[in-house]
Amino acid sequence: MSIELIILLVFLFVVALVGTLLVFKQEENKMKRYEEEGDTVEDQLRRSHEYESSSLKSNLPLQLIIYSVTIIISLVVFAIYLS
């Protein structure tokens with residue numbers, strides 16, 4: 001493989017990793033905020049239900065976009081390498 005291709009693929013991997021870590025950091029900040037506000041069993045149950053309904057609407061699409069773009073660009077670069 002050429003060095004340019006390897007560098008591009010490593011860059012794409014790093015971008016995907018950073019995107020994943022940003023999503024993780026968002027969730028971590030939510031947990032810290034909940035702990036600061038005070039945590040009751042009722043609050044935990046309410047948040048659990050909210051998370052179950054909202055995580056598929058917010059986190060999953062973001063992850064799909066990050067990995068779809070990474071995979072598509074990787075495949076295009078691989079196709080260019082083969083030709």
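Data block above holds the structure.
Keep in mind it's a predicted model, so treat the numbers as computed, not measured.

Novice: Help me understand the side chain of Thr70, please; the structure alone is not making it clear to me.
Specialist: Looking at where Thr70 falls in the secondary structure, it is placed in helix 2 (residues 41–82). Among the residues examined, Thr70 registers a relative accessible area of 13% and is labelled buried. Discounting residues that sit within four places of it in the chain, Thr70 has contacts with Leu12 and Ala16.

Novice: Please clarify how the packing of helix 1 (residues 3–37) against helix 2 should be interpreted in this entry.
Specialist: Helix-helix packing: each pair is described by the crossing angle between the helix axes and the interaxial distance. Taken N-terminus to C-terminus, the directions of helix 1 and helix 2 make an angle of 170°; their axes are 9 Å apart at the nearest point. Relative to helix 2, helix 1 is oriented roughly antiparallel. Contacts between helix 1 and helix 2 involve Leu5, Leu8, Leu9, Leu12, Ala16, Gly19, Thr20, Val23, Glu27 and Tyr34 on the former and, on the latter, Arg47, Tyr51, Asn59, Leu62, Gln63, Ile66, Tyr67, Thr70, Ile73, Ser74, Val77 and Tyr81. Class assignment of the residues belonging to the contact of helix 1 with helix 2 gives a composition of 14 nonpolar, six polar and two charged.

Novice: Explanation requested: the side chain of Glu27 in the structure shown.
Specialist: Turning to its location among the elements, Glu27 is positioned in helix 1. With near-sequence residues (within four places) excluded, Glu27 lies in contact with Tyr51 and Asn59.

Novice: For this particular structure, what's the right way to read the pattern of salt bridges?
Specialist: Two side chains of opposite charge can pair, provided their charged atoms sit close to one another. Going through the model one piece at a time under the given rule, you end up with three salt bridges. Of the charged contacts in the structure, one is a salt bridge between Lys25 and Glu28, with a shortest N-O distance of 3.2 Å. With Lys25 and Glu28 both in helix 1 and three residues apart, the pair spans about one turn of that helix. Given a relative accessible area of 39%, Lys25 falls into the partly exposed group. Between Glu50 and Arg46 there is a salt bridge, and its shortest N-O distance comes to 3.0 Å. Taken as a pair, Glu50 and Arg46 lie in helix 2 at a separation of four residues, close to a single helical turn.

Rules and cut-offs
- Residues numbered from 1 in each chain as written.
- Predicted model: local features only at pLDDT ≥ 70, side-chain atom pairs only at ≥ 80, totals over all residues.
- Heavy atoms only, no water.
- Helix = DSSP H or I, 4+ residues; strand = E, 2+ residues; numbered from the N terminus.
- Buried < 20%, exposed > 50% of the residue type's maximum accessible area, 1.4 Å probe, protein only.
- Contact = heavy atoms within 4.5 Å.
- Axes fitted to C-alpha atoms, helices over the stretch in contact; angles between N-to-C directions.
- Parallel < 35°, antiparallel > 145°, perpendicular 65-115°, else oblique.
- Nonpolar A, V, L, I, M, F, W, Y, C, P; charged D, E, K, R; others polar.
- Salt bridge = Lys/Arg side-chain N within 4 Å of Asp/Glu carboxyl O.

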